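Here are the chains, one letter per residue:
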Amino acid sequence: MAISRFADLLDEARRQPEPQRLLFVFTRAELPDNPTAEQRQRFEQGEGGVLTPVLCVDKTPDELSDMAALTAESQKTGLEWNIVFVGALSGSGGEAVPDEAVERQLQRMVESLQMGNTQAFLALNRQGEAVALQ
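Residues numbered from 1 in each chain as written. Predicted model: local features only at pLDDT ≥ 70, side-chain atom pairs only at ≥ 80, totals over all residues. Heavy atoms only, no water.

Visitor: In this structure, what is going on with the pattern of salt bridges? I would like to understand it.
Guide: A side chain of one charge can pair with a side chain of the opposite charge if their charged atoms are brought near each other. Inspection of every chain in the model, using the stated rule, returns 7 salt bridges. As a salt-bridge pair, Asp58 and Arg21 come within 2.5 Å of each other at their nearest N and O atoms. Pair noted here: Asp58 is in strand S2 (residues 50–59) and Arg21 is in strand S1 (residues 20–30), with a separation of 37 residues, a long-range link. Assessed through its relative accessible area of 12%, Arg21 is described here as buried. For the salt bridge of Glu47 with Arg42, the shortest nitrogen-to-oxygen distance reads 3.7 Å. On the basis of relative accessibility, which here comes to 38%, the residue Arg42 falls in the partly exposed class. (Salt bridge = Lys/Arg side-chain N within 4 Å of Asp/Glu carboxyl O. Helix = DSSP H or I, 4+ residues; strand = E, 2+ residues; numbered from the N terminus. Buried < 20%, exposed > 50% of the residue type's maximum accessible area, 1.4 Å probe, protein only.)

As structure tokens, then:
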């Protein structure tokens, strides 16, 4: 199934036979260190920049209703974000994913994103629509 929006993600996660944990890394677009004039201009037009992780959270599909609720919950932190990257972990044998495994995977996601590796994750905008990053 092609996932093009947050609702698709929830539907697919709920259909899985094993318990799922959805992993979210919220990122904020920022200017890179020592930006060129072109980079600065593009950034001011709402394009380009680097995505910096600002917040991580994991949820089971049952803890989520829709993107608006996830966005509202994230706003309580006071942290601004532009793109959220999503990964998933499956339990096994009907058992939930251990918290330690979730923490390790969230850390790996953050490290991967800090290195610019975004292709392994689903990227969603604040409206819950999948976005393709260049």
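The structure having been displayed, the exposition proceeds.
Visitor: Can you walk me through the pairing of strand S3 (residues 83–90) in this structure?
Guide: Along any regular strand, the residues point their side chains to alternate faces of the sheet. The buried count for S3 comes to 6 of 8 residues, which makes it a mostly enclosed element. In this structure, S3 lies alongside strand S4 (residues 122–124), joined through 3 bridges in antiparallel fashion. Bridge pairing in S4 places Phe85 opposite Ala123. (Pairing = 2+ DSSP bridges.)

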